[in-house]
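The primary structure of each chain is shown beneath.
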Amino acid sequence: MMKRIEVVAAIIRDDSGRIFATQRGYGEMKDGWEFPGGKMEARETPEEALKREIWEELKTRIGVDEFITTVEYDYPKFHLTMHCFYCHIEDGHPVLLEHEAAKWLLKDELDSVEWLPADQIVVEKMG
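Here's a quick rundown of the structure. These numbers come from a predicted model, not from an experiment.

**Quick notes on the nonpolar core**
Counting residues in hydrophobic clusters, the biggest one holds 26 residues, and the most contacted among them are I11, F35, L80, M82, W115 and M126. Elements with a contribution of two residues or more to this core: β1 (3-12), β2 (19-24), β5 (61-74), β6 (78-91), β7 (99-105) and α2 (117-126). It is β6 that provides the largest number of residues to this core, a total of five residues. If we skip the residues at most four places from it in the chain, I11 touches I19, F35, I68, C84, F85, Y86, C87, V122 and M126. Judged by nonpolar contacts, the second largest core, of eleven residues, contains I12, F20, I54 and I62.

Structure (structure tokens):
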């Protein structure tokens, strides 16, 4: 049976409507662009997981605004369930601790990076 991974993703927006995109710096999908986030821990709500993951990855405090979608996607080695939420920065500026690059993108610039397949589905849903 295929391994299942459940994660949360933060679609962080700033006051001008730009969206924060990060480029993976490790693993099989290194260099692919994604929304920051990560695995949920036992007994964590998606919102709690998002706040913890963004603090761990970007040393930034976020507020979770609204649920966008849950993406189900079969990668070659695992099935991904990704819960996606619009978020905003409450305190701090993103510091890249796990990613090799990041960009603030306007909505019409979202296609300018090579999104990982599951994240591409989120981009299309925001369209």
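Moving on, there is more to tell.
**Focus: the environment of A42**
In this structure, A42 sits in the loop between β4 (37-39) and α1 (46-58). Since its relative accessible area comes to 63%, A42 is described here as exposed.

**Some points on the environment of G32**
Relative to the helices and strands, G32 resides in the loop between β2 and β3 (33-34). Residue G32 is classed as buried on the basis of its relative accessible area, which comes to 9%. Remark: the alpha-carbon pair of G32 and P117, spanning 85 residues in sequence, is separated by 9.1 Å. Those residues in contact with G32 that sit more than four places away from it in its chain are T22, Q23, R24, E114 and L116.

**Digging into the pattern of salt bridges**
Counted according to the given criterion, the structure contains ten salt bridges. Between D14 and R18 there is a salt bridge; the shortest N-O distance is 2.7 Å. Linking R52 and E56 is a salt bridge whose minimum nitrogen-to-oxygen distance equals 3.2 Å. Linking R52 with E56, this pair stays in helix α1, spanning four residues, or about one helical turn.

**A word on the pairing of β2**
When you tally the buried positions in β2, you get six out of six residues, the bulk of the element. The side-chain alternation of β2 yields two buried faces, one formed by I19, A21 and Q23 and the other by F20, T22 and R24. Relative to β7, β2 runs antiparallel, the two sharing six bridges. Paired with F20 across the strands is W104, a residue of β7. Pairing between β2 and β3: two bridges, direction antiparallel.

About the thresholds
Residues numbered from 1 in each chain as written. Predicted model: local features only at pLDDT ≥ 70, side-chain atom pairs only at ≥ 80, totals over all residues. Heavy atoms only, no water. Core = buried A, V, L, I, M, F, W, Y, C linked by side-chain atoms within 4.5 Å. Buried < 20%, exposed > 50% of the residue type's maximum accessible area, 1.4 Å probe, protein only. Helix = DSSP H or I, 4+ residues; strand = E, 2+ residues; numbered from the N terminus. Contact = heavy atoms within 4.5 Å. Salt bridge = Lys/Arg side-chain N within 4 Å of Asp/Glu carboxyl O. Pairing = 2+ DSSP bridges.

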